[in-house]
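Letter by letter, the chains look like this.
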Amino acid sequence: MIRLRRLTKRYGGTTAVDGLDLELHPGAVTGFLGPNGAGKSTTMRLILGLDTPTSGSALVKGVPYARLKQPLRTVGALLDATAVHPGRSGRDHLRAMALSQRIPLRRVEEVLETTGMTQAARRRAGTYSLGMSQRLGIAGALLGDPEILMLDEPVNGLDPDGVRWIRTLLRSLAAQGRTVFVSSHLMSEMEQTADRLVVVGRGRLLADAAMAELRTGTGTAVRGPALQPLADALDGARWAGPQELRVADRRPEAVGELAHELGVVLHGLAAVEPSLEESYLSLTEESVEYAADRTGPAHGGGTP
Ligand SMILES: Nc1ncnc2c1ncn2[C@@H]1O[C@H](COP(=O)(O)OP(=O)(O)OP(=O)(O)O)[C@@H](O)[C@H]1O
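Everything quoted here is computed from the prediction, not taken from an experiment.

(A) Highlighting helix H4 (residues 106–114). Those residues of H4 that fall on the buried side of the exposure criterion are Arg107, Val108, Val111 and Leu112. Down the axis, H4 shows its buried residues gathered within 140° of arc, on one side only. H4 presents Arg106 and Glu113 as exposed residues on the side facing more than 90 degrees away from its buried surface. Its buried side turned inward, H4 meets helix H3 (90–100) and helix H5 (130–142). Just downstream of H4, glycine 116 is the residue with a positive phi angle, here 70°.

(B) Summary view of helix H1 (residues 40–47). Burial runs high along H1: six of the eight residues are buried. Three or more residues of H1 are buried, namely Lys40, Thr42, Thr43, Met44, Leu46 and Ile47. Phi turns positive one or two residues past the end of H1, at glycine 49, with a value near 70°.

(C) The site of the ligand, seen in detail. If you check the shell around the ligand, you find 14 residues, and the closest are Gly37, Gly39, Lys40, Ser41 and Thr42. Serine 41 places a polar side-chain atom, nitrogen or oxygen, 2.7 Å from an oxygen atom of the ligand. Between a nitrogen atom of the ligand and a side-chain N or O atom of arginine 45, the distance comes to 3.5 Å. Coverage of the ligand by the protein chains reaches 65% of its 630 Å² of free accessible surface. Elements with a minimum of two residues in the shell around the ligand: strand E2 (14–24) and H1. With four residues, H1 is the single largest residue contributor to the shell around the ligand. Residues belonging to the shell around the ligand are distributed by class as follows: four nonpolar, six polar and four charged.

(D) Just the pairing of E2, in detail. Where strand E1 (residues 2–11) lies against E2, seven bridges are found, and the strand directions are antiparallel. When the bridges of E2 are listed, leucine 7 appears paired with leucine 20. Count of turn residues in the E1/E2 antiparallel hairpin: two residues, of which glycine 12 carries a positive phi of about 55°.

(E) The sheet that holds strand E12 (residues 244–247), seen in detail. With antiparallel pairing, four strands are arranged side by side in an open sheet as E11-E12-E10-E13. The two strands at the open ends of the sheet, each matched to only one other strand, are strand E11 (237–241) and strand E13 (268–272). Across the sheet, the mean angle from the axis of one strand to that of its neighbour is 25°, orientation sign disregarded. Inspection of the sheet shows E11 paired to E12 by four bridges, in the antiparallel sense. Across the sheet, the residue bridging to tryptophan 239 is leucine 245, located in E12. Across the face of the sheet, helix H10 (residues 252–262) comes into contact with strand E10 (219–223), E12 and E13 while running at roughly 150° to E13.

(F) Focus on the nonpolar core. Core analysis: the biggest nonpolar cluster contains 48 residues, and Leu170 and Leu197 have the highest contact counts within it. Ranked by residues supplied to this core, first place goes to helix H6 (residues 160–175) with seven residues. Beyond its immediate chain neighbours, meaning those up to four positions away, leucine 170 contacts Val29, Leu151, Val180, Val182 and Thr193. By size, the runner-up hydrophobic cluster in this structure holds 24 residues, among which are Leu4, Leu22, Leu68 and Ile148.

(G) How the structure looks around the packing of aromatic side chains. All told, the structure shown has one aromatic pair when counted by the stated rule. Of note, arginine 135 hangs over the ring of tryptophan 165, and the distance from its end group to the ring centre comes to 4.5 Å.

(H) Molecular detail of the pairing of E1. Where E1 meets strand E4 (residues 55–60), five bridges bridge the pair, whose relative direction is antiparallel. Across the sheet, residue threonine 8 finds its bridge partner in E4, namely serine 55.

(I) Just the confidence of the model for the protein, in detail. Of all residues in the protein, 92% attain a pLDDT of 70 or more, and the chain-wide mean is 88. Of the regions scoring below 50 in pLDDT, residues 292–296 engages in seven contacts with residues more than four places distant in sequence or in other chains.

(J) Region of interest: the domain arrangement of the protein. Splitting the protein by domain gives domain 1 (2–211) and domain 2 (216–300). Measuring from the centre of the C-alpha atoms in domain 1 to the corresponding centre in domain 2 gives 36 Å. Taken together, the contact between domain 1 and domain 2 spans 16 residues of the former and 10 residues of the latter. Among the residues of domain 1 in contact with domain 2, Pro35, Met187 and Arg202 are the three that bury the most area, contributing 44% of the side total. The interface formed by domain 1 and domain 2 holds zero salt bridges in total. Looking at the side of domain 1 that touches domain 2, the elements that each hand over two or more residues are helix H7 (187–191), strand E8 (196–201) and strand E9 (204–210). In terms of residue class, the side of domain 1 that touches domain 2 is made up of eight nonpolar, six polar and two charged.

What counts, and where the lines are drawn
Chains are numbered independently. Their residues run from 1 in the order of the written sequence. Whole-chain, interface and lining totals are the exception, using all residues; otherwise, since this is a predicted model, local features are given only for residues with pLDDT of at least 70 and side-chain atom pairs are given and counted only at 80 or more. The side-chain figures draw on all heavy atoms in the structure; neither hydrogens nor water molecules are used. With a 1.4 Å probe rolled over the protein chains alone, any residue whose accessible area is under 20% of its type maximum counts as buried; one over 50% counts as exposed, and the rest are partly exposed. Where helices and strands are cited, they refer to DSSP runs of H or I of at least four residues and of E of at least two residues respectively, numbered from the N terminus. Taking the helix axis as origin, the arc is that swept by the directions to the C-beta atoms. What makes two residues a contact is simply this: any of their non-hydrogen atoms within 4.5 Å. Think of it this way: one heavy atom of a residue within 4 Å of a molecule or strand is enough to make that residue near it. Here a polar contact is recorded for every N or O atom pair within 3.5 Å, except that within protein the pair must consist of a potential hydrogen donor and a potential acceptor, and residues adjacent in sequence are included only if both atoms are side-chain atoms. Each accessible area is a Shrake-Rupley result for a 1.4 Å probe, and residues are judged covered by the shown protein chains and nothing else. Polarity classes work like this: nonpolar for Ala, Val, Leu, Ile, Met, Phe, Trp, Tyr, Cys and Pro, charged for Asp, Glu, Lys and Arg, and polar for all others, with Gly in that last group. Here the rule is simple: two strands pair whenever DSSP picks up at least two bridges between them. Whenever a helix is involved, its axis is fitted only over the stretch in contact; in every case the axis is a line through C-alpha atoms, and angles between N-to-C directions fall within 0 to 180 degrees. Here, the term nonpolar core denotes a set of buried Ala, Val, Leu, Ile, Met, Phe, Trp, Tyr and Cys residues that are joined through side-chain atoms within 4.5 Å. Between rings of Phe, Tyr and Trp, where Trp is taken as its six-membered ring, a pair exists when centres lie within 6.5 Å; planes separated by under 30 degrees are stacked, by over 60 edge-to-face, and by other angles tilted. Over a ring means this: the NZ of a Lys or the CZ of an Arg is within 6 Å of the ring centre and within 35 degrees of the ring normal. Across the chain, each position has a pLDDT score giving the predictor's confidence in that residue, from 0 to 100. What marks off one domain from the next here is an automatic or database domain assignment. Here the buried area means the combined drop in accessible surface, using a 1.4 Å probe, for two parts upon being joined, counting both sides. Salt bridges are counted wherever a side-chain nitrogen of Lys or Arg sits within 4 Å of a carboxyl oxygen of Asp or Glu.

Okay, structure coming up:
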């Protein structure tokens, strides 16, 4: 359906996308996750032919996007919800899109209804809130009744009702057999929506796995009054409280023995299944460009 082969994009000295191999299939929501600047938007722009790869390829149904005969009927995309003429009404914006692709105008009313935008359709797009602009953008993506949907951070600006609405919408589009590819930088958004997760960091593929696979693995929760030496000695240790560490990929036995060697007093030691959020954080740890310090003890109380 969508196939990326060694897809690479460099902007001067920055490698935005670095040898990405990926296949996206119908009938599933694939979450595209990565920290800010990981290359998600660039990948989507490359798939849509809005930018040319430095090397490698991005094919939609076996051809580059530019060679699709009816692109809007094949791929519906939302990249930048604010890229709409501010003086045009939502309805006129969608009508212009429909006319350019010979899509029947009745589809405009259908997608306005689907996105809850019928009431606001007469208003000029320049007066819309970010959430309304996102809904209009999603309406545009749905206009051609496409087999593939590609949405860049569609949850931005939506209120909790809107977030729930988009979750249900994406799930139902996948259940209809469509390919749904949706980016986010928050695992919490994807947790209840995606069947599959593709995680990128600094343009590289870090994981491509079913949701359930990412949940597996053993971690350890360890409590004690002065755990800093243990935190320093263990890769993947994260403060979960002033006196509690979570350690990914280590069994309690190993952590207990290390604590003994270091002379660290323990008050508790237990195996835990890492949350998706923890799995994601440990995957992307090395590739976060703009991060607050993740290593210090939470609430400031862990350092003696
Ligand atoms: N047109 C451009 N010119 C120069 N550098 C660019 C350009 N577009 C993207 N980049 C750089 O490429 C890298 C990837 O950016 P991209 O926007 O694809 O990341 P992203 O994962 O979508 O991030 P975010 O979650 O913040 O939207 C960043 O370092 C960015 O600064």
